[in-house]
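# Overview (structure and organization)
Here's the letter readout for the chains.
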Amino acid sequence: MTPLTEIAHQRIAARLHSGDLAFDLTAGNGWDSLFLAQCVGSAGRVYALDIQQQAIDQTSRLLATHEINWCELHCRSHAELLEFCQEKQLSTAQAIMMNLGYLPGGSHALVTRPESTLAAIQFAVELLSAGGVMTILAYPRHEGGAEELQLVQQTLSELNSEQFEIETMAGSTAKSPVLFVIQKNA
Ligand SMILES: C[S@@+](CC[C@H](N)C(=O)[O-])C[C@H]1O[C@@H](n2cnc3c(N)ncnc32)[C@H](O)[C@@H]1O
């Protein structure tokens, strides 16, 4: 079975083009930021946020090895996405990724939390351009993960179905990760 991380990349790649603007709202080890930066190319821009300096440093190193300098990294919570976009005068993004949970290889205490995840999603769906795509990968296995997954599900179910198409993909057990692909209709 194709890993959900790869399916998320496939869905984004189908809609993201050279010169576009994209967000990685959980930079982590930098793999999604690298992927987004490669999709948009040097004519585009990626903004990557993470609350951990360790994640920002790791992402920075990964991007440097690929000679990518069009991805801006910020040690900041995605709960402040609205303020961040106001400061940067950004009003639209073609792709947004959120890979929830904790930093692989890092502290399990520094994990995404339902309240900040909710705040980020609520503004991210507004920020998404018509024809844009957002992916959210949620993990129910760690403490608080099931509640976070439930909140994501609930929030997405309340989106206007004429404006957004939501695809949900999950593994076979109740503890399997769940991928949400949100497409904003053109
Ligand atoms: C599963 S990892 C992300 C994996 C990453 N996308 C990659 O490609 O390697 C989740 C990340 O979310 C970060 N995080 C947790 N709460 C956050 C918040 N409020 N705002 C931004 N990042 C947060 C964690 O520090 C962790 O690095």
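## Observations concerning the sheet that holds strand E7 (residues 178-184)
- Strand order in this open sheet of seven strands is E3-E2-E1-E4-E5-E7-E6, and the pairing throughout is mixed. One side of each edge strand has no neighbouring strand; the edge strands of this open sheet are strand E3 (71-75) and strand E6 (164-170). Each neighbouring strand pair of the sheet contributes to a mean axis angle of 10 degrees, computed without reference to strand direction.
- Seen against the sheet, helix H3 (residues 53-65) touches strand E2 (45-50) and E3 and runs at an angle of roughly 165 degrees to E3.
- Along the sheet face, helix H5 (residues 114-127) touches strand E1 (21-24), strand E4 (93-99), strand E5 (128-138), E6 and E7 and points at about 155 degrees away from the line of E5.

## Details of the nonpolar core
- Phe23, Leu25, Leu81, Ile96, Met134, Ile136 and Phe180 are the most contacted members of the largest nonpolar core, which totals 31 residues.
- Every element with two or more residues in this core is listed here: E1, E2, helix H4 (81-88), E4, H5, E5, helix H6 (145-157) and E7.
- Counting residues per element, this core draws most heavily on H5, at six residues.
- Counting 27 residues, the second-largest nonpolar core is a separate cluster that includes Cys39, Leu63, Ile68 and Cys71.

## Points about the side chain of Thr26
- Position of Thr26 relative to the elements: it lies in the loop between E1 and helix H2 (31-40).
- Not counting chain neighbours up to four residues away, the residues in contact with Thr26 comprise Leu49, Asp50, His78, Met97, Met98, Asn99 and Thr112.

## Here's the deal with the site of the ligand
- Near the ligand you find 23 residues, and of these Thr26, Asp32, Asp50, Gln52 and His78 are the closest.
- Here an oxygen atom of the ligand sits 3.2 Å away from a polar atom, N or O, in the main chain of Trp31.
- A distance of 2.6 Å is found between an oxygen atom of the ligand and a side-chain nitrogen or oxygen belonging to Asp50.
- Relative to its free-state accessible area of 610 Å², the ligand is covered by the protein chains to the extent of 96%.
- More than half of the atoms belonging to the ligand lie within 2 Å of the grid points that define the largest pocket.
- Here the shell around the ligand is composed, by residue class, of nine nonpolar, eleven polar and three charged.

Cut-off values and rules
- Residues numbered from 1 in each chain as written.
- Predicted model: local features only at pLDDT ≥ 70, side-chain atom pairs only at ≥ 80, totals over all residues.
- Heavy atoms only, no water.
- Pairing = 2+ DSSP bridges.
- Helix = DSSP H or I, 4+ residues; strand = E, 2+ residues; numbered from the N terminus.
- Axes fitted to C-alpha atoms, helices over the stretch in contact; angles between N-to-C directions.
- Contact = heavy atoms within 4.5 Å.
- Core = buried A, V, L, I, M, F, W, Y, C linked by side-chain atoms within 4.5 Å.
- Buried < 20%, exposed > 50% of the residue type's maximum accessible area, 1.4 Å probe, protein only.
- Near = heavy atom within 4 Å.
- Polar contact = N/O pair within 3.5 Å; in protein donor to acceptor, adjacent residues only side chain to side chain.
- Areas by Shrake-Rupley, 256 points an atom, 1.4 Å probe, with all protein chains shown as cover.
- 1 Å grid on protein atoms, 1.4 Å probe; cavity = no way out; pocket = protein on both sides within 12 Å on 5 of 7 lines; lining within 4 Å.
- Sits in = over half its atoms within 2 Å of the grid points.
- Nonpolar A, V, L, I, M, F, W, Y, C, P; charged D, E, K, R; others polar.

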